[in-house]
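# Coordinate analysis (summary)
Chain by chain, the residues run as shown.
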Amino acid sequence: DGKAELISPVQDFMGFSPDPSDPKTLYASGHPAGGGNLGFIASTDNGVTWDQISPGANGPVDFHQMTVSSADPQVLYGAYGALQVSRDAGKTWSIVGPLPEKLIDLAASAKNADTIYAATEAGLSVSKDGGQSWETIVHGAPVSLVEVTSDGSVYAFILGRGLVRSAEADMDFAPVSSGLGDRILLHLAVDPADKDRIFVASHQGDILASTDGGASWTELGH
């Protein structure tokens, strides 16, 4: 309905990801109100209370980008100086290797837990070996977000092209919407029960909703 309610203490969440297998479980990282790093934290009551599950490798970490694999929700990736991975739902973490340069966003594949996508200032990259090596699949323009839905659709916002979508199988991106004005999208979520119901947040601080797969948008709260 466009209304928001504060439900937990104020903390600076940088990485934030829901568990694709349990809608009540949320994962986050960032900074507590008093400063420092949160490590890897989780809530099992829709975000009301939070507990540190692990400090992360060489932590406490401050994952600015984080993602959970819907192919295997035990597998999570986080960015803290290097790429880290957990294969036990965040209890333990190990360092995989260097991050793609000028990283903006991470998204795990819905088809294979070892496949992850990286949105960067130079384009969109994919790793098929759990982050050990990367291949650029969209060149020449900054990509401000990447998100993978449970059905294997990859969404990305490419500056100069707008919001695009592709199936993971072919990586052939097609435009989703041209009705977003001069907004740069930073976050996207698709209703798992209705793929045409999409929510996005922009660099202007507004949240938009679509019920027709992105053909048209309504600003929440108005």
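First, a word on what this report is: a plain description of the structure on this page. (Residues numbered from 1 in each chain as written. Predicted model: local features only at pLDDT ≥ 70, side-chain atom pairs only at ≥ 80, totals over all residues. Heavy atoms only, no water.)

### Topic: the overall build of the chain
Heads up, the condition is: The helix count covers DSSP runs of H or I at least four residues long, the strand count covers runs of E at least two residues long, and both are numbered beginning at the N terminus. Each radius of gyration is computed over the set of C-alpha atoms, and the globule rule expresses the reference value as 2.2 Å times the number of residues to the power 0.38. Type-normalised accessible area, obtained with a 1.4 Å probe on protein chains alone, sets the label of each residue: buried when under 20%, exposed when over 50%, and partly exposed for intermediate values. Whether two residues are in contact is decided by their heavy atoms, any of which lying within 4.5 Å being enough.
Each helix and strand in the chain was counted, giving zero helices and 20 strands. Computed over its C-alpha atoms, the radius of gyration of the chain comes to 17 Å, within 12% of the 17 Å expected for a compact globule of 222 residues. Dimensions of the chain, computed from C-alpha atoms along their principal axes, come out at roughly 40 × 40 × 30 Å. Residues classed as buried in the chain amount to 48% of the 222 residues present. In the chain, the proportion of contacts linking residues at least 24 apart, taken out of those at least 6 apart, comes to 34%.

### Topic: the pattern of salt bridges
Pairing is possible between side chains of opposite charge, provided their charged atoms come close. Rules: We define a salt bridge as a contact between a side-chain nitrogen of Lys or Arg and a carboxyl oxygen of Asp or Glu at a distance within 4 Å.
All told, the structure shown has four salt bridges when counted by the stated rule. Glu219 is the salt-bridge partner of Arg183, the closest N and O atoms lying 3.9 Å from each other. Residue Arg183 is located in the loop between β16 (174-177) and β17 (185-190), and its partner Glu219 is located in strand β20 (residues 218-219); the two are separated by 36 residues in the primary sequence. For Asp191, the salt bridge identified is with Arg197, shortest N-O distance 3.0 Å. The partly exposed category is assigned to Arg197, whose relative accessible area is 36%. Beyond isolated ion pairs, a larger network of salt bridges with shared partners links Arg183, Asp206 and Glu219.

### Here we look at the nonpolar core
Note the cut-off: The criterion is simple. A nonpolar core is a set of buried Ala, Val, Leu, Ile, Met, Phe, Trp, Tyr and Cys residues joined through side-chain atoms within 4.5 Å.
Counting 16 residues, the largest nonpolar core has Tyr117, Leu124, Val146 and Phe173 as the members making the most contacts within it. Going through the elements one at a time, β10 (116-120), β11 (123-127), β13 (143-148) and β14 (153-158) are the ones with two or more residues in this core. In contact with Leu124, not counting residues within four places along its chain, are Tyr117, Ala118, Ala119, Glu135, Thr136, Ile137, Val138, Val143, Val146, Ala156 and Phe173. By size, the runner-up hydrophobic cluster in this structure holds 13 residues, among which are Tyr155, Leu180, Leu185 and Leu208.

### Structural notes on the layout of surface pockets
Note the cut-off: Buried and open spaces are told apart on a 1 Å grid over the protein atoms alone, a cavity being a set of points where a 1.4 Å probe fits but cannot get out and a pocket being an open set with protein on both sides within 12 Å along at least five of seven lines. Residues with an atom within 4 Å of a point are the lining residues. Grid points are joined across faces, edges and corners, and a volume is the space filled by probe spheres set on the points. Residue polarity follows a fixed list, in which Ala, Val, Leu, Ile, Met, Phe, Trp, Tyr, Cys and Pro are nonpolar, Asp, Glu, Lys and Arg are charged, and the others, Gly among them, are polar.
Roughly 1900 Å³ of volume is contained in the largest pocket. Taken together, the elements giving at least two residues each to the lining of the largest pocket come down to β1 (12-19), β2 (22-31), β5 (65-68), β9 (103-108), β13, β17 and β18 (198-202). In terms of residues, the lining of the largest pocket owes the most to one element, β1, which gives six residues. Its residues assigned to classes, the lining of the largest pocket shows 24 nonpolar, 11 polar and 10 charged.

### Focus on the environment of Thr149
We count it as follows: N or O atoms closer than or at 3.5 Å make up a polar contact, with two conditions inside protein: a donor-capable atom paired with an acceptor-capable one, and, for residues adjacent in sequence, both atoms drawn from side chains.
Relative to the helices and strands, Thr149 resides in the loop between β13 and β14. Taking C-alpha positions, Thr149 is 8.9 Å from Asp191, a pair spaced 42 residues apart along the chain. With near-sequence residues (within four places) excluded, Thr149 lies in contact with Ala110, Tyr155 and Val190. Here Asp151 takes part through its side chain, which lies 2.4 Å from a polar atom of the side chain of Thr149.

### With respect to the sheet that holds strand β3 (residues 40-43)
Heads up, the rule is: Pairs of strands are assigned from DSSP output, requiring at least two bridges between the strands. Geometry is summarised by axes, namely lines fitted to C-alpha atoms with helices restricted to the contacting stretch, and by angles between N-to-C directions that run from 0 to 180 degrees.
Strand order in this open sheet of four strands is β1-β2-β3-β4, and the pairing throughout is antiparallel. Edge strands, defined here as strands with exactly one partner in the open sheet, are β1 and β4 (51-54). Recorded for the sheet is a direction-independent mean angle of 35° between the axes of neighbouring strands. Bridge analysis of β1 against β2 gives six bridges, and the strand direction is antiparallel. Opposite Asp12, over in β2, you have His31 as the bridge partner.

### Observations concerning the side chain of Thr115
Mapped onto the elements, Thr115 comes out in the loop between β9 and β10. By relative accessible area, Thr115 is classed as buried at 9%. Contact partners of Thr115, with chain neighbours within four places excluded, come to Ala108, Ser109, Val126, Ser127 and Lys128.

### Examining the sheet that holds β17
In spatial order, the strands read β17-β18-β19-β20; together these four strands make up an open sheet with antiparallel pairing. Looking at which strands have only one partner, the edges of the open sheet turn out to be β17 and β20. Of the pairings in the sheet, the one linking β18 to strand β19 (residues 207-210) comprises four bridges and is antiparallel in character. Directly across from Val200, in β19, lies its bridge partner Leu208.

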